[in-house]
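Topology and contacts: notes
Here are the chains, one letter per residue:
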Amino acid sequence: MFLDDQTILSITRGAISHTRTSSGFSFRKCTQKQIDAFYENRLFPNDPIDNNCMFRANGEAEAGIMLDFYTDSSFVTFHIPVFEIFFHFNAGFSLCVDGRFIREIMNPGYHTVKLRGGMHRVTLVFCYFGRSVLRSVEVADGATVKPVPKKGLWLFIGDSITHGMVANHSCNSYPDRIALFSDYEIINQGNAGYIFDADSLDDIGRKPDIINSSRKKRIAAGSGTSVEEVNRLLRQ
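The present account deals with the structure reproduced in this document. (Residues numbered from 1 in each chain as written. Predicted model: local features only at pLDDT ≥ 70, side-chain atom pairs only at ≥ 80, totals over all residues. Heavy atoms only, no water.)

1. A word on a nonpolar patch on the surface
A contiguous nonpolar surface patch, about 290 Å² in accessible area, is contributed by Ile161, Val166 and Tyr174. Structurally, the position occupied by Val166 is in the loop between helix H4 (160-163) and helix H5 (174-182). A relative accessible area of 65% places Val166 in the exposed class. (Patch = residues over 30% accessible without salt bridge, like charges linked within 9 Å, V, L, I, M, F, W, Y side chains within 5 Å. Areas by Shrake-Rupley, 256 points an atom, 1.4 Å probe, with all protein chains shown as cover. Salt bridge = Lys/Arg side-chain N within 4 Å of Asp/Glu carboxyl O. Helix = DSSP H or I, 4+ residues; strand = E, 2+ residues; numbered from the N terminus. Buried < 20%, exposed > 50% of the residue type's maximum accessible area, 1.4 Å probe, protein only.)

2. Looking at the nonpolar core
One finds Leu67, Phe69, Val76, Phe78, Leu124 and Val137 to be the most contacted residues of the largest nonpolar core, which totals 30 residues. Those elements that provide at least two residues to this core are strand S3 (24-28), strand S4 (66-71), strand S5 (75-80), strand S6 (82-85), strand S7 (93-97), strand S10 (120-125) and strand S12 (136-139). For Phe69, the contacting residues outside a window of four places in its chain are Ile11, Val76, Phe78, His120, Arg121, Val122, Val145, Lys146, Pro147 and Val148. (Core = buried A, V, L, I, M, F, W, Y, C linked by side-chain atoms within 4.5 Å. Contact = heavy atoms within 4.5 Å.)

3. Re the pairing of S7
The side chains of a regular strand alternate, residue by residue, between the two faces of the sheet. With five of its five residues buried, S7 lies for the most part within the structure. Judged by which residues are buried, S7 turns out to be covered on both faces: Phe93, Leu95 and Val97 on one side and Ser94 and Cys96 on the other are all buried. In this antiparallel pair of consecutive strands, S7 and strand S8 (residues 100-105), the connection spans two residues, and Asp98 shows a positive phi of 55°. Relative to S10, S7 is paired through four bridges, and the arrangement is antiparallel. Bridge pairing in S10 links Val97 to Val122. (Pairing = 2+ DSSP bridges.)

4. Things to note about the side chain of Asp68
Its place among the elements puts Asp68 in strand S4. Here Thr123 takes part through its side chain, which lies 2.7 Å from a polar atom of the side chain of Asp68. The contacts of Asp68, once residues within four sequence positions are left out, are Ile11, Arg13, Arg121, Val122, Thr123, Pro147, Val148 and Lys150. (Polar contact = N/O pair within 3.5 Å; in protein donor to acceptor, adjacent residues only side chain to side chain.)

5. A look at the environment of Ala91
Here Ala91 shows up in the loop between S6 and S7. Each C-alpha atom, one on Ala91 and one on Gly164, is 9.8 Å from the other, the two residues being 73 residues apart in sequence. Residues in contact with Ala91, not counting those within four places in the same chain, are Ile85, Glu104, Met106, Cys127, Tyr128, Asn168, His169 and Ser170.

Just distances and angles here, no functional claims.
Structure, rendered in C-alpha cells:
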C-alpha cells in the first residue's frame, strides 16, 4: 500500500515548503529569498559566482527535514529516485526505528526496513548536506500510519554546528536530536560557514512557539538588526 500525498505531507516535519512533480516530492527548509541572499552575500567576494556557491547549496540542503510516523506495518519502503550530496561528510539519510539509528542511506533507490509485530516509530531524517526527491512510501496493505504528535515548533538559526557538519549521521545534529527526543518539530536554517545578516531572515510562513527575549537578542545581534525588527518579523 502506497501512502497518498496527503499522508506523506502529514508525516513530514521540518519543511517550510514543498514541490510535487511527477518525479515525487522535494522539500525546502529556507525560502527562495533566503537562498538568494546566501548566494549573493557571500563571505568570500573574490570567489567566482556560480550555481555551486556553497552557501546557496547549504540553503537548498534538507537539514532538519524528516518523515516521522508510527506504523504497525511489517515493513516500510522509501523510494528516493534522486539523491545528490553536496559535500561528503559520510552522512546521508538516517533511518531510525523507535529512536534508534538503524542505518545510513547514501544512494538513490528503494530502501526497506523490516519491522517486528506491534506499533513502531519510524523516522527518516533527510541528509543535512544533500538534496533529494521522495517518490513514494510503501507499507503493508491495511497498515496503520499516523504522524508522531508534536508539542510545538522551534526554529534553529546558526552556522556549521547547527547545520550538522560535525555530526557523524544526519540524525545526530543537535537540532535533530532535540526533535527526536523532545517531540518538538524543528526547522533547521543553519548554514555552514555563513554569518547571518538581515537579508538572510524572512517570513517562513510559520511561527515558532518559543522565542524568548534572550533568543530575540541573540537573533538581532547575529543578523545585525534590532529586537524591534525581529519582533516585527515575528508578527507578520
